[in-house]
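Coordinate inspection notes
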Amino acid sequence: MKSNKKKKGVGGTIKYLIMILVISAVLAGSGILLCNDLFALAKPDKDITVTIPEDASVSEVSKLLDKSGVINYGSFFHLFTSTVYKDIQFRPGMWTLNSDMDYREIVNQIRLTSKSTVTVTIPEGYTVNEIIDTLVKNGLSSKQELQSAMQNDTFNYDFLPDDLGNQTNRLEGYLFPDTYEFYLSDSADAIINKMLGNFENKLNSTSDGKSLAQICKEKNLDVSDMVIIASITQKESVNADDMYNVSSVIHNRLNNAAEYPYLNMDTTVVYAVGHKNLTKADLKSDSPYNTYTSKGLPPGPICNPGMDALKAAANPNQTDYYYFVADDAGTKHLYAKTLADHNKNIAQLEAEAAGN
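Described in the following lines is the structure provided in the data block.

Cut-offs used in this document
Residues numbered from 1 in each chain as written. Predicted model: local features only at pLDDT ≥ 70, side-chain atom pairs only at ≥ 80, totals over all residues. Heavy atoms only, no water. Axes fitted to C-alpha atoms, helices over the stretch in contact; angles between N-to-C directions. Helix = DSSP H or I, 4+ residues; strand = E, 2+ residues; numbered from the N terminus. Parallel < 35°, antiparallel > 145°, perpendicular 65-115°, else oblique. Left-handed = near helix turned anticlockwise from the far one by under 90°. Contact = heavy atoms within 4.5 Å. Nonpolar A, V, L, I, M, F, W, Y, C, P; charged D, E, K, R; others polar. Buried < 20%, exposed > 50% of the residue type's maximum accessible area, 1.4 Å probe, protein only. Arc of directions from axis to C-beta. Polar contact = N/O pair within 3.5 Å; in protein donor to acceptor, adjacent residues only side chain to side chain. Core = buried A, V, L, I, M, F, W, Y, C linked by side-chain atoms within 4.5 Å. Pairing = 2+ DSSP bridges.

**Things to note about the packing of helix 3 (residues 74-84) against helix 4 (residues 103-110)**
In helix packing, the relevant descriptors are the interaxial angle and the interaxial distance, both defined with respect to the helix axes. Interhelical geometry of helix 3 versus helix 4 gives an angle of 65° and a closest axis separation of 11 Å. In terms of orientation, helix 3 lies roughly perpendicular with respect to helix 4. In this structure, the crossing between helix 3 and helix 4 has a hand that is right-handed. Facing Phe76, Phe77, Phe80, Thr81 and Val84 of helix 3, the residues of helix 4 in contact are Tyr103, Arg104, Ile106 and Val107. For the contact of helix 3 with helix 4, the class distribution of residues is seven nonpolar, one polar and one charged.

What follows is the structure, given as structure tokens:
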């Protein structure tokens, strides 16, 4: 009997030691995982846009960052932030963070350090250069800093083309036109990321049913092609309703490239040559943006289109139109299926202009 008790005692001790070792391993593993999250060790490089509400608490921000994938352990972030930063306040609005940022980087980007803000409206159809001029005019960064960031900084968004290049206009089409509230202390990179993040939100929004991203996927339409079509549609249209017919002409020509290899859009030539009053020489210019001499779509967008143009690009009216012409005032378009009808429309508008 004594021998059996001794064996049971030894067995219990071994089980206890094993349990201690298992718990220690779990705690050590948890510590490693928490450290990885705190210092952003071996985490993916992905830009993530989050919207921080007004007067958000540390707890609310921690949960938001955890849910969005910026961090993996919201409770640990809460503990860290509450311990290291006293009476911290966060900057409300939309911010683009990266999942490979450590906790200090995240906090320093979204904490409230200055309440000096400026509201800036970026009109639909503005080019990158026009946006830069608008931001500079409103006291946000310098032209050199904005141009450098546009040209050289890394922006990790799935919707951006893989071959962005290193031109100042490489983000053309993706700086979503909207009214923004910027902090005067914002860096050029933060300003650009806010606009790119806004584009990402609009692209994936399901407020009107299917998102633009879903529609593009179903129609086998590249997002980059949709943005190019939207940018041309934005510049060519006289109003939001007109955009759906303009877009249909572009799509019809692209879908019947054997008969209509060229889009013949004046606005793409304007983008290429830099002025509006086009000459015959301009229309013959050798530029990939000249859709009179280069087949198909231009290599990139010609402006930053708004939501109406993006919707029209993804969902054009179903028409047989291959031509359109605008009156001199740019207040209406006449559409045609054939070149003969198109010439009649031109003659009609010229007669109307002469009569006035």
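**So, helix 4**
Every buried residue of helix 4 is accounted for by Tyr103, Ile106, Val107 and Ile110. Along the axis of helix 4, the buried residues cluster in a sector spanning 95°; they form a single face. At the N-terminal boundary of helix 4, the capping side chain belongs to aspartate 102, with an oxygen 3.1 Å from the backbone nitrogen of arginine 104.

**A closer look at the environment of asparagine 317**
You can see asparagine 317 is positioned in the loop between helix 13 (307-314) and strand 5 (323-326). The spacing of asparagine 317 and serine 248 is 69 residues in sequence and 5.6 Å in space, taken between C-alpha atoms. Beyond its immediate chain neighbours, meaning those up to four positions away, asparagine 317 contacts Tyr244, Asn245 and Ser248.

**Thoughts on the nonpolar core**
Ranked by size, the top nonpolar core spans 55 residues in total, and within it Leu135, Phe159, Leu171, Leu175, Leu196 and Met226 carry the most contacts. If you look at the next biggest cluster of nonpolar residues, it comprises 23 residues, including Val58, Val61, Trp95 and Val107.

**Comments concerning the pairing of strand 6 (residues 333-336)**
The alternating pattern of strand 6 places His333 and Tyr335 on one face and Leu334 and Ala336 on the opposite face, and all of these are buried. As judged from the four bridges shared by strand 5 and strand 6, these two strands associate in the antiparallel manner. Bridge pairing in strand 6 links phenylalanine 324 to tyrosine 335. The turn linking strand 5 back onto strand 6 is made up of six residues, and glycine 330 within it adopts a positive phi angle of 70°.

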